[in-house]
Amino acid sequence: MSSLRSSPEWQALARHWRTLRGTTLKQLFDADAQRGTRLTAEGAGLYLDYSKNLVTGETLRLLQKLATARGVFARRDAMFHGDKINETERRAVLHVALRAPRGERIVVDGKDVVPEVHAVLDRMAAFSDKVRLGEWRGHSGKAIRNVVSIGIGGSDLGPVMAYEALKHYSRRDMTFRFISNVDPVDFVEATRDLAAEETLFIVCSKTFTTLETLTNAHAARGWCLQQLGGNETAVAKHFVAVSTNAAEVEKFGIDTANMFGFWDWVGGRYSMDSAIGLSTMLAIGSEAFRDMLAGFHAMDEHFKTTPAERNLPLLMGLLSIWYNDFFGAQTVAVLPYAQYLKRFPAYLQQLTMESNGKHVTLDGRHVEVATGPIYWGEPGTNGQHSFYQLIHQGTRLIPCDFIGFDHSLTSMDGQHGLLMANLIAQTEALAFGKTPAQVRAEGTPEWLVPHRVCEGNRPTNTLMGERLTPHTLGALVALYEHSVFTQGAIWNIDSFDQWGVELGKQLAQKVIPQLQDSQEPKLEHDSSTNALIRRYRRARNPTAQRTLG
Ligand code: F6P
């Protein structure tokens, strides 16, 4: 693909940015009384107000032209069609097939994959019904009351986030825990008060070779067998696996009859709506899980069919490009005004940064512009009393996504009003700030005026839904998935590989025996790494080290 920076569309945006950068949000709003209702769009049950962004109609027109010139729409269609757009791994990118309704046809390598998706969903539903009804019995004949999902990265962040987000709809008489870190503390804390005879482990790993997951799965098996009298047949009653790798699942000792599969065309960070979401289904039930899939699908359809000027993921992706590459913003803050979404920013970090943290284009050339902004955030209102100060008065531009709902899932609706008032007030404060004249009018002494001035002009998106339901959550996740896609397509990078993660994994494999071997290892790292290894060995075994000199 031709150079991004020197393309006429990019150049036009750069010229436009130079003319617009001195314009304030206040001026934009003063010039157009309808702006707050005009620059809005709706799709899949979500309302997006993007009026408080540093854009004009011309900016949006130029960004849309850029999207066309960079082949975003053709690439989107190729993704939905099952083409192998994950070029470095030579794979199709078909998380959209995970939520395709029964009867839809999506062909990969000559095979319609939708029937297989529904076959797995049906098996998951049958299994989850059995567990929820108390019909799936543990080794000692007791029903399952605890579900522990073991996985990491995409095999953990989605399930944890979805469980927290949809807790309102979950079985409160069951306990759900998640273990991801190889730090043994994670395992010990998650299991310390559980009885193995009532516990089901779901081992989630696409590859079934991930160090952290396999280590924790072995620890879980040992913990279970110790409590259940060492009888290996207990494993079948207390372990199920979610993976694409049947051979490794079998090697671990889980009967493949208790395995739920998915496919190489589902990326780890795009897999919470596959069998990786089995814990979600066990928590909320198969009907609610299907509602979540319907929400994903509604946003897929919106992305596929809605004209650019009203297309939520496209608009959000293009706005992110605008701030990242023209204004030089390095981060995006995601601020859900919904305590249930407390894990949503952490989930988004993998989705956005593992996808678009790339330094070369698909043709292997170094990218010409900054890619992958840093996504971060915390629920409001807590963040307001922590880092918002920097967003309001710091020296960096931090575009923010505010997320809120019309109705609370509690009966404390008055208190919900306080929450939403804060959301709305923050977007107003960030956009329009407080001028020196306004500060003086409050009787502020002159020396204090500069400290109390808020410049404003801080851009925000506001996303609103009616209430947080499984359907809304699906739509919200798909919205960000497709926004990430849009950004990656503009940059012409592979948003679906993650080669950078490999190096650390390989080096860890080398260091593990160097920490554990009883014989002093021959170390050939740099002097810092060698010293750290020696220091750790000395700390663990001072006597041996003294003898060795
Ligand atoms: O950290 C890299 C990664 O490959 C992620 O992309 C993935 O979500 C995670 O590891 C877990 O991988 P697996 O599901 O194969 O255990």
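Relevant structure appears above.
None of these values were measured; they are calculated from a predicted model.

Reading guide: rules and limits
- Residues numbered from 1 in each chain as written.
- Predicted model: local features only at pLDDT ≥ 70, side-chain atom pairs only at ≥ 80, totals over all residues.
- Heavy atoms only, no water.
- Axes fitted to C-alpha atoms, helices over the stretch in contact; angles between N-to-C directions.
- Helix = DSSP H or I, 4+ residues; strand = E, 2+ residues; numbered from the N terminus.
- Parallel < 35°, antiparallel > 145°, perpendicular 65-115°, else oblique.
- Left-handed = near helix turned anticlockwise from the far one by under 90°.
- Contact = heavy atoms within 4.5 Å.
- Nonpolar A, V, L, I, M, F, W, Y, C, P; charged D, E, K, R; others polar.
- Pairing = 2+ DSSP bridges.

## Examining the packing of helix H1 (residues 8–20) against helix H4 (residues 57–69)
Link 1 in the chain: Contact geometry of H1 with H4 gives a least axis separation of 9 Å together with a crossing angle of 160 degrees. Looking at the two axes, H1 sits roughly antiparallel to H4. Both H1 and H4 take part in a crossing whose hand is left-handed. Here Glu9, Trp10, Ala12, Leu13, His16 and Leu20 of H1 come into contact with H4, specifically with Glu58, Thr59, Leu62, Leu63, Lys65, Leu66 and Ala69.
Link 2 in the chain: Looking at the contact of H1 with H4, its residues break down into eight nonpolar, two polar and three charged.

## Overview of the sheet that holds strand S13 (residues 460–465)
Link 1 in the chain: What the six strands build is an open sheet, ordered S1-S2-S13-S12-S10-S11; its pairing is mixed. The open sheet has two free edges, formed respectively by strand S1 (40–43) and strand S11 (374–376), since each of these has just one partner strand. Across this sheet, the average inter-strand angle for adjacent strands is 20 degrees, counted without regard to direction.
Link 2 in the chain: Here strand S10 (residues 331–336) runs beside strand S12 (residues 400–405); their pairing, made up of four bridges, is parallel. Bridged to Pro336 within S12 is Ile403.
Link 3 in the chain: In the packing of helix H15 (residues 344–356) onto the sheet, contacts are made with S10, S11 and S12, and the angle to S11 comes to roughly 165 degrees.

## Digging into the sheet that holds strand S5 (residues 146–150)
Link 1 in the chain: What the five strands build is an open sheet, ordered S6-S5-S7-S8-S9; its pairing is parallel. Single-partner strands in this sheet number two, and they are strand S6 (175–179) and strand S9 (259–261). Averaged over all pairs of adjacent strands, the angle between their axes in this sheet comes to 20 degrees, without regard to strand direction.
Link 2 in the chain: Bridge count between S5 and strand S7 (residues 199–204): five bridges; the pairing is parallel. Within the sheet, the bridge partner assigned to Ser149 lies in S7 and is Ile202.

This is a description of form; function is not addressed.
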